[in-house]
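# Coordinate analysis (summary)
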Amino acid sequence: MFMVLIFLLLILSSIAAFFVKKKSWEFSMITTLIILFLVFIYALLNFRSGYNGGIISKYSLSLVPAIGINFSSGVSSLTLALLLLTTIIMPVAVYTAKNGKYGSLFYGLMMLTEVGLFGLLISRNFIFFYIFWEAVIIPVFLLIAIYGGERRESASLKFFIYTQLGSVFLLLSILTLFAFYYNMNNVFTLNMTTLLSGTFINGTAIPTFWKYFVIFGFIFAFLVKMPSFPLHSWLPDAYGSAPYPVTVILAGGLSLMGGYGFFGILLPLSSIIPSSVSWIIIALGIISLVYFALVAMMQNNLKRMLAFASAASMGFVNISFGVGIMETGSYAIQELTGGIYQILAHGLIIALLFATLFSIKSKTGKENIHSLGGIHREVPVLSSIFLGGLLASLGLPGFAGFISEFSIVAASYAVIGPLIFLVIFGMIITASYHIWAAQRALYGPYNETLGPMNDIGRHDIMVLGSLLILIFVLGIYPNLIFGIISKYVGVFL
Amino acid sequence: MIDYEWFIFLSPIIAFPISFTVGRYRRNLAGYIATISILISFILSFIVYLQIRDTSSPVYQSFNWFGDINAGIYIDHLALVMILMVSFVSLMIHLFALYYMGKDPNKHVYFAETALFTGGMLGLSISSNLVEFFLFWELVGVCSYLLIGFWYFKPNASSAAKKAFIVTRVGDLLFLIGLSILYVSLADKVASPLSIAYIVNPSSWPQILNYVGTTNLTLIGLLFMGGAAGKSAQFPLHVWIPDAMEGPTTVSALIHAATMVTAGVYLVARVYPIYLHSTAALDFVLFIGAFTALFAGTIGMVVNDLKRILAYSTISQLGYMFAALGIGSIIGDSAISFALFHTMVHAVFKALLFLAAGAILLTMMELRDVKKMGGLWKRMPITMTLMFIGAITLAALPFTASYYSKDTIIDASWNFFSANGYSLFSFLPWLMLILGALTTTIYTFRFFFLAALGKPRSELASKAKDPSKIVLIPLIILAIIALIMGQFQYLFYDFIYAHTIHVSIPYIVSLAPSMMVLLGLLITIPLYATSGWMSLDLKKSRLYRVVKNKYYLDKLFTNDIAERGIIPLSSGFSTFEAYFSRSIEAIGSGTLRLGSFFRKLQNGIIEYYFVVLVIGISIILLIVELLGGF
């Protein structure tokens, strides 16, 4: 109930955000912080001990009982981790939107995105899951289309069509499950727990072909969102031309949708995923990792480089899922938990990087590596935070990304064997281009054409610094979240 | 819950933010905070030493970190030697750095980072789990990266930092694969698969052999050695250290000579049971080590940059340590004693040499070419005398510490030869190590004579003078230790491994290393103690050119692999990506005309969206209908 109330508050405030004409930035800043605070309290109250891996805080409101439409919600530790990610990313994104001259429409749309993400995470009914899944796309599409930079039209369109294509398959899969459940039990239900339950999935109710159809639809939809090679072409354009606050949401928030799909919906279905499909997912993960890393290396625009870096590190999520469902026992848990942790870590790290890059951009007016150079001399704090983000992003121990990458890589050898060298190759390239970019953009002789600059102010340091510290804490003391996630994963093994 | 032993590594780590923050306002305090935190570590290490010196049971604490990975502290005699060495040498170097870095405007950053580094190194030494070990392993790597690039505005420094990071990262990730293999072999079967306490416990070995298998053990050993080679700069991953000399000299002393680069040696020693069960891995370690010892020595003979000479010397000496570890197939755990004693001796005299070099470079305004020095002994008598002590220890003149530690390793490699039936293959390590000793003597006295004797060959050299005596105190302490430490050889051996064997080889063979030193002196004295070297022209020699170009390995990595391999691959992929993206757009706008469709229907988005929804639903209902669903 508590969770639903938070959600209700979020919906109301997002509507209100459209109408708050003055001080709309302050309004959204405060609301997103309140939401974060409430979710945090909720987590402390419900997840501190005794969590057994199931779905708690269940709430259901019957709307159209005849065809099984009701609003039902629930929270698992997977959901919680991603909810925390969403609610942490939002204030950062809104904070980044401080200096732009955006109106209330902008903040309203931002809040609406959070509503969508929040909603799809807590929904336990497929129809609402789907509605919120779609509801995320529209505000982001509009944000890019209205406020974006160059090529915003084609970028937003590409984003829209791609994700829409994925959604169609998602819907088809949901409806297939729905239809076959009716076929078997003569009951209309869209309840996720029921439709994803082992007895229904593993039974004879669904013909094999349709099982594969369902699997295919889900995987396709989630791979687009991830994004995974070769369905990624919306990503660099959308990230590149979106205004920075939206990029933060895109990278930190929207990337979790694909991951949530994998671990929230496909993991319960893992018993009917044939190993050939797992291998395809693994292969796409490895290809994403290596391919995006190599492409990122040649990007001169830091924003585009980070966009590819983001896609590359989501490759780990693919690998984790594909490998994890083929394994058994304790290292399968490690593998899958690592994947979920990676979504969280990646979201935080990439959000930090984009937010910091935004500060660099607004100080220097440049986001091209060659137009920067040696800025550490003028803005040491800002450049140190950016370096911290880059180090975290390449998976350095001590930061959250290491915990997940280590879990994924360490436990993967049992399935992928020597292919691990390709993963490692990808990681070496990743390290190389991160460090190379840092060397060219931050160090070396100062590019005097940039003129004198002031370092970032106290508020910026506080926001960016606390995000960096959070990433650090999650890297040193992962059991804040890791333990409860592994319980969620344990349920399906 | 947390005992005082934790503060051995926590104390400098806590000092990191403190000295940074305080240093922002009071620059001078930063250095003192860092130094005191390391003093605390040293004192605590000493207390632990008093506590476990007579027992063989280690200090061991561990808690669950994440998943089935634990973390904690594990201090046995091996770890104890490391923490005593690291905290002591780091303390000496910090004391000297108070003077050396005294005028740098960013010295608070420097001290914060060296404190963090020391904490990382101490944490690495007492980790109870390999993942935790890996965490500190990377932490010291990052500190090394940051400190090499400390003078970030120098293009050389920032590019050297990048090179160091990437090359060691290659090794680190090989190490990670090794961890992965070990992990999946043991997870699910034992409670804590990557625990160091579990691996070093002899009673767990029947289990490990059973679960992991000898093939995988060899593989793990090789991969761990790959990681160690990256960190400890062994062939072919040694290329980063000479460049790393761009950092402040105290950093070179602390990180790239005395402590961090020994982490690889320590890793192999730490998981030595794995190697003892795989002769192939041991032989690999032996040959890499012995080869590197000679290989780096030869380059050291032709380099003119004082710090780079010392860097190649470090690589070569690390080779001796690995060689010692590699002889384990014959001498068992005694190999650890031999390697660690030399590690310790090397830390002392190399820190001494680097600090003396730091004193020289400070007065020489960072002019590092030894051919531009000369006559320094007269102008800086104390510094040069200290450097002389360092040099004779490096060259292993009789009765210096290295005479005991290094010659034992060379002697032990003769045992490898004799135990393998005097085959040619098993003769190579001894041969390479003994020739390495010759090169050591030559490059040592070459640089020392060039710097100390003759007439000053530059304006700066003629104006050089000693720093005040107070700042040289750490060097004096190190010099005294370097001179007397050898006498405690067997005490030390037995402390690490109670049953260390005494190497016995034919008397005539045991004289060989000293003969090499003599030979080396006979070559260098006439050449470099006089002005004989000025008439020496080697440029026409092809061999000289090959060595001078560092056997073209740097070229291979930088030009061939990075510039002709990775970069074209990467730009090829980017071009492909651009085409891919454009063709997707072409399909989108060309075939479907969706672009214009949208531009006409500015407000039609929701409608279109709805249409898709309806079509989607209709299709699925149709399918279901056809199947006889409803």
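See above for the structure.
Residues numbered from 1 in each chain as written. Chains lettered and ligands numbered in written order. Predicted model: local features only at pLDDT ≥ 70, side-chain atom pairs only at ≥ 80, totals over all residues. Heavy atoms only, no water.

### Notes on the overall build of chain B
The helix and strand inventory of chain B stands at 30 helices and two strands. For 630 residues, the compact-globule estimate of 2.2 N^0.38 gives 25 Å, and chain B sits close to it at 28 Å. Across chain B, the fraction of contacts at a sequence separation of at least 24, relative to all contacts at a separation of at least 6, is 81%. Accessible area of chain B: about 23100 Å², with a carbon and sulfur share of 68%. A distance of 15 Å separates the average location of the 40 positive side-chain charges in chain B from that of its 31 negative side-chain charges. (Helix = DSSP H or I, 4+ residues; strand = E, 2+ residues; numbered from the N terminus. Rg over C-alpha atoms; globule rule 2.2 N^0.38 Å. Contact = heavy atoms within 4.5 Å. Areas by Shrake-Rupley, 256 points an atom, 1.4 Å probe, with all protein chains shown as cover. Lys, Arg positive; Asp, Glu negative; His and termini not counted. Charge placed at Lys NZ, Arg CZ, Asp CG, Glu CD.)

### Some remarks on the interface of chain A and chain B
Each partner contributes to the interface: chain A provides 82 residues, whereas chain B provides 70 residues. When chain A packs against chain B, close to 6400 Å² is buried across both sides, 76% of that on carbon and sulfur atoms. Remark: the boundary between chain A and chain B carries 14 residue pairs in polar contact (both at pLDDT 80 or more). Sorting elements by how many residues they give to the side of chain A that touches chain B places helix α6 (residues 152–185) of chain A first, with 16 residues. Class assignment for the residues of the side of chain A that touches chain B results in 57 nonpolar, 19 polar and six charged. (Buried area = accessible area lost by both parts, 1.4 Å probe. Polar contact = N/O pair within 3.5 Å; in protein donor to acceptor, adjacent residues only side chain to side chain. Nonpolar A, V, L, I, M, F, W, Y, C, P; charged D, E, K, R; others polar.)

### Here's the deal with the pairing of strand β2 (residues 69–75) of chain B
Residue and element names in this part refer to chain B. Buried residues dominate β2, accounting for seven of its seven residues. Because side chains alternate across β2, one face comprises the buried residues Ile 69, Ala 71, Ile 73 and Ile 75, and the other comprises Asn 70, Gly 72 and Tyr 74, equally buried. Where strand β1 (residues 59–66) lies against β2, seven bridges are found, and the strand directions are antiparallel. Paired with Asn 64 across the two strands is Asn 70, which belongs to β2. Between β1 and β2, which pair antiparallel in sequence order, lie two residues; one of them, Gly 67, sits at a positive phi of approximately 55°. (Buried < 20%, exposed > 50% of the residue type's maximum accessible area, 1.4 Å probe, protein only. Pairing = 2+ DSSP bridges.)

### Some points on unusual backbone geometry
Cis geometry marks the peptide bond from Phe 229 of chain A to Pro 230 of chain A; its omega dihedral reads 0°. Pro 236 of chain B follows Phe 235 of chain B through a cis peptide bond whose omega is 0°. Structurally, Pro 236 of chain B is set in the loop between α9 (214–231) and α10 (240–244). Of note, Asp 188 of chain B is a non-glycine position whose phi angle comes to about 80°, a positive value. Inspection of the secondary structure assignment puts Asp 188 of chain B in the loop between α6 (155–186) and α7 (196–200). Under the relative-accessibility criterion, Asp 188 of chain B is labelled partly exposed at 46%. Despite not being glycine, Ala 233 of chain B shows a phi value in the positive range, around 55°. Considering the arrangement of structural elements, one finds Ala 233 of chain B in the loop between α9 and α10.

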